[in-house]
Amino acid sequence: MAQNFFDRLRSYYIKVAEVLRGEADAASVFANTTDIGMSRELAYAEFLKQHAPSKCNVFLGGFLFDDDGTESKQLDIIITTDTAPRFDFHNKDGSGKSFSPVEGTLGVVSVKSTLNRAELFDALGGIASIPPTRALDGRVNVLLKIKNYDDWPVKIVYASKGIAPDTLLAHINEYYGAHPEIPLSRRPNFIHVAGSCLIVRAQDGMTLHDRGTGVAEPLTLGAYHLLTTDSDLQAIVWTLNQLQQNATASTHILFSYGSLINKVSGLP
């Protein structure tokens, strides 16, 4: 009996996850990711470049800024729409750092070697510093509803290894218990520790199913849920799905960057 396509697709994504963990020959999935000295940021960025929609520009990060000039902290990877201006003068070979307006940014990734309590808190603080997106009033067809735009960009924390999943979840809740002022929109959507777990923040319209029964699990909006079954596979497909949704929605938004010209020129 021929193998079902989705079984082969599952095997493909599992192979991708192995490459990200550095446990497999990369030649069949990514180019050059087994080179000595290849950073985890470059490997994850390469994964996004080869799997996210072509509308996505993926580059090693720097920071995000808004119309008022507010800057985020350092971010490792930034994914923007193809209509956002690019600032790659210092990033000509793809290994440098750049920056991007938060409007038109589809996703960001904070990459850690080992996700312990200190590194987790550093990642959460960096994501919390991302400036807010502006309301879509006047920038999208009134008949079109784009959900959760205030939650853009999709925010990911990725680590190749980390502490025990339950401990990690407890530290996440500890951090936000101490910082309730951080809005849900500036908290990670996905926290992925390769080979260990995926922690997902519940959003409006999101459904998680029990793999054994197929029954949908009740979700509390904004709460984090720990997944350990097929966590690498789930992290990859959830991440790519969210980027695809954002990329599709972005085609309906009238992004305008004329204010950058005025601000740089010293105009009000």
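Residues numbered from 1 in each chain as written. Predicted model: local features only at pLDDT ≥ 70, side-chain atom pairs only at ≥ 80, totals over all residues. Heavy atoms only, no water.

S.K.: Please clarify how the packing of aromatic side chains should be interpreted in this entry.
M.R.: Both the distance between ring centres and the angle between the ring planes are used here to describe each pair of aromatic rings. Overall, the coordinates contain 11 aromatic pairs when judged by the stated rule. Look at Tyr44 and Tyr158: their rings are 4.7 Å apart centre to centre, the planes differ by 40°, and that puts the pair in the tilted class. Residue Tyr44 is located in helix H2 (residues 40–51), and its partner Tyr158 is located in strand E6 (residues 154–162); the two are separated by 114 residues in the primary sequence. Taken together through their ring pairs, the aromatic side chains of Phe121, Tyr175, Tyr176 and Tyr224 make up a single cluster. (Phe/Tyr/Trp six-rings, centres within 6.5 Å; stacked < 30°, edge-to-face > 60°. Helix = DSSP H or I, 4+ residues; strand = E, 2+ residues; numbered from the N terminus.)

S.K.: Honestly, the packing of H2 against helix H5 (residues 231–250) in this entry has me stumped. Any pointers?
M.R.: Each pair of packed helices can be described by the angle between their axes along with the distance between the axes. Interhelical geometry of H2 versus H5 gives an angle of 60° and a closest axis separation of 11 Å. When the interaxial angle is binned, H2 and H5 end up oblique. The element H2 and its partner H5 pack so that their crossing is right-handed. Here Tyr44, Phe47, Leu48 and His51 of H2 lie close against H5, whose contacting residues are Ile236, Thr239, Leu240 and Leu243. (Axes fitted to C-alpha atoms, helices over the stretch in contact; angles between N-to-C directions. Parallel < 35°, antiparallel > 145°, perpendicular 65-115°, else oblique. Left-handed = near helix turned anticlockwise from the far one by under 90°. Contact = heavy atoms within 4.5 Å.)

S.K.: Can you help me understand H2 in this one?
M.R.: An α-helix turns once per 3.6 residues; consequently, residues spaced three or four apart project the same way. Compared with the 16 Å implied by 1.5 Å per residue over 12 residues, the 17 Å span of H2 between its first and last C-alpha is a close match. Within the span of H2, buried status applies to Ala43, Tyr44, Ala45, Phe47, Leu48 and His51. (Expected span 1.5 Å × (residues − 1). Buried < 20%, exposed > 50% of the residue type's maximum accessible area, 1.4 Å probe, protein only.)

S.K.: What should I look at first to understand the sheet that holds E6 in this one?
M.R.: The pairing of strands in a sheet happens through backbone hydrogen bonds and is either parallel or antiparallel. Read across the open sheet, the seven strands follow the order E1-E3-E5-E6-E7-E8-E11; overall the sheet is mixed. Either end of the sheet is taken by a strand with one partner, and the two such strands are strand E1 (56–60) and strand E11 (224–227). Across the sheet, the mean angle separating the axes of adjacent strands is 15° when strand polarity is ignored. Sheet contacts for helix H3 (residues 117–128): strand E5 (105–115), E6 and strand E7 (190–193); angle to E5, the most-contacted strand, approximately 165°. (Pairing = 2+ DSSP bridges.)

S.K.: Sorry if this is basic, but what is going on with the pattern of salt bridges here?
M.R.: A side chain with one charge may pair with a side chain of the opposite charge, provided their charged atoms come close. This model, assessed by the stated rule, comprises 11 salt bridges. One salt bridge connects Arg117 with Glu174, and the closest N-O pair in it is separated by 2.6 Å. With a gap of 57 residues between them, Arg117 in helix H3 and Glu174 in helix H4 (residues 165–178) connect regions that are remote in the sequence. On the basis of relative accessibility, which here comes to 38%, the residue Arg117 falls in the partly exposed class. On the basis of relative accessibility, which here comes to 35%, the residue Glu174 falls in the partly exposed class. If you follow the salt bridges from partner to partner, you end up with Lys112, Glu119 and Asp122 in one network. (Salt bridge = Lys/Arg side-chain N within 4 Å of Asp/Glu carboxyl O.)

S.K.: Where do I start with the side chain of His225 in this structure?
M.R.: In this fold, His225 is placed in strand E11. A residue is classified by how much of its surface remains accessible, and His225, at 18% relative accessible area, is buried. Those residues in contact with His225 that lie beyond four places of it in its chain are Leu198, Ile199, Val200, Ala202, Leu208, Pro218, Leu219 and Thr220.

S.K.: What am I meant to see in the pairing of E6 here?
M.R.: Residues in a regular strand point their side chains to alternate faces of the sheet. E6 sits mainly inside the fold: seven of its nine residues count as buried. Strand direction decides the pairing type here: E6 and E7, joined by four bridges, are parallel. Bridge pairing links Ala159 to Val193 in E7. Remark: the E6/H4/E7 crossover connection has right-handed handedness. (Right-handed = clockwise from strand over helix to strand, strands pointing away.)

S.K.: So what exactly am I meant to see when it comes to the nonpolar core here?
M.R.: One broad rule of soluble globular proteins: the nonpolar side chains tend to lie buried together. Residues Tyr44, Phe47, Leu48, Ile77, Ile79 and Val109 are the most contacted members of the largest nonpolar core, which totals 44 residues. Secondary-structure elements contributing two or more residues to this core are helix H1 (5–21), H2, E1, strand E3 (77–81), E5, E6, strand E8 (197–201) and H5. With 26 residues, the next largest nonpolar core counts Val102, Ala123, Leu124 and Ile182 among its residues. (Core = buried A, V, L, I, M, F, W, Y, C linked by side-chain atoms within 4.5 Å.)

S.K.: Sorry if this is basic, but what is going on with the packing of H3 against H4 here?
M.R.: One can describe the packing of H3 onto H4 by two numbers: an axis separation of 10 Å at closest approach and a directional angle of 45°. It follows that H3 is oblique to H4 by the angle criterion. Considering only the axes of H3 and H4, their crossing is right-handed. Residue-level contacts link Arg117, Leu120, Phe121, Leu124 and Gly125 of H3 to Leu168, His171, Ile172, Glu174, Tyr175 and Tyr176 of H4. Residue composition of the contact of H3 with H4, by class: seven nonpolar, two polar and two charged. (Nonpolar A, V, L, I, M, F, W, Y, C, P; charged D, E, K, R; others polar.)

S.K.: What is the right way to read H4 from this model?
M.R.: With 14 residues, H4 extends 20 Å from end C-alpha to end C-alpha; this agrees with the ideal 20 Å at 1.5 Å per step. Turning to H4, its buried residues are Pro165, Leu168, Leu169, His171, Ile172, Tyr175 and Tyr176. With its buried residues spanning 160° around the axis, H4 presents them on a single face. Structural note: H4 exposes Asp166, Gly177 and Ala178 on the side pointing more than 90 degrees away from its buried face. Buried residues in H4 make contact with E5, H3, E7, E8 and E11. (Arc of directions from axis to C-beta.)

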